[in-house]
Amino acid sequence: MNRLEIRELVIDVPERRDGQALTLSVEPGQVWGVLGPNGAGKTTLLHTLAGLRGPRAGQVLIDGRPLAMLGRRQVARILGLVFQERHDGFPATVRETALIGRHPWLSAWQMEGGEDLRLAEAALERLDVVHLAERLVSTLSGGERQRLAIATVLTQAPQIWLADEPTNHLDLHHQSAVMALLAEQAAEGRAVMMCLHDLNLAARWCDHLLLLYPDGEACWGPARNMLVPAALERLYGQRLATAEIDGAPVFVPVR
Ligand SMILES: Nc1ncnc2c1ncn2[C@@H]1O[C@H](COP(=O)(O)OP(=O)(O)OP(=O)(O)O)[C@@H](O)[C@H]1O
């Protein structure tokens, strides 16, 4: 089990003054949601946490060790990132793509073995794309691609999940299935942080929330403390009506 710690972190959003420094820990077993309007810096934060871009200030630590001091392979064995956007590099099938998740676990030139194939197959099955295993990725629909991206990270088997809008392109059933998968990952002792645009998915599935405001302001804490209608209305600049269904708050934008 690994914990992700953010210490006095100022993300580098181009052409924006320094935002509030973030200090928080994503503990094994926790599901964090990052909420904020377009351009608030959610993707920038996730990429900073994954070590893909540097912060303006502060540190990202895994189990107390600065991310910058860990090798890329070591990081890739611990931390998985579901990207918001993806581009086809070279023609590959769905199965070959899922198997890319095993690369951090293989030495240079080592072929994937039976256990790697088994993990990939199980992940494809779990994300409901196993029937597409032989298909070229370029032929997939948006939702099928999204499910493959998550299956690839599941094949990678990281202890820390960073997911950028994991429910993008998904129909209602697959949205629920993916949120249930991420909650299950946490219940098994992994740490999960995801960016979400859907407040209601966040309210139902996340136990902690980080609100990122477009001016760089931020607040974070247990979800029940963050799901305050006035704070959410200010976050999105949008009036909301609130109800409660199944014990979770539900927010609907109103005119
Ligand atoms: N290379 C760049 N040059 C200039 N501005 C950039 C660059 N990369 C990102 N930005 C800006 O940084 C801000 C934060 O972008 P980011 O993708 O992190 O936002 P986000 O909260 O994930 O948005 P969304 O909800 O639209 O996905 C945006 O205003 C974006 O236009």
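Residues numbered from 1 in each chain as written. Predicted model: local features only at pLDDT ≥ 70, side-chain atom pairs only at ≥ 80, totals over all residues. Heavy atoms only, no water.

- Under an unreviewed UniProt entry, the name given to the protein is ABC transporter ATP-binding protein, and the source organism is Billgrantia aerodenitrificans.

## What about the side chain of Arg16?
Phase 1: Note on placement: Arg16 falls in the loop between strand 1 (4-10) and strand 2 (22-26).
Phase 2: Separated by 2.9 Å, the side chain of Arg16 and the backbone oxygen of Ala40 make a polar contact.
Phase 3: With residues up to four places along the chain from it excluded, the contact list for Arg16 reads Ile11, Gly39, Ala40, Arg56, Tyr213, Pro214, Asp215 and Gly216. (Helix = DSSP H or I, 4+ residues; strand = E, 2+ residues; numbered from the N terminus. Polar contact = N/O pair within 3.5 Å; in protein donor to acceptor, adjacent residues only side chain to side chain. Contact = heavy atoms within 4.5 Å.)

## A look at the sheet that holds strand 2
Phase 1: Pairing within the open sheet is antiparallel, and its four strands lie in the order 2-1-4-5. Both edges of this open sheet fall to strand 2 and strand 5 (65-66), since each of them pairs with a single strand only.
Phase 2: Sheet topology places strand 4 (residues 57-62) next to strand 5; two bridges connect them, and they run antiparallel. Within strand 5, the position partnered with Ile62 by the bridge is Arg65.
Phase 3: Seen against the sheet, helix 1 (residues 42-49) touches strand 1, strand 2 and strand 4 and runs at an angle of roughly 120° to strand 1. (Pairing = 2+ DSSP bridges. Axes fitted to C-alpha atoms, helices over the stretch in contact; angles between N-to-C directions.)

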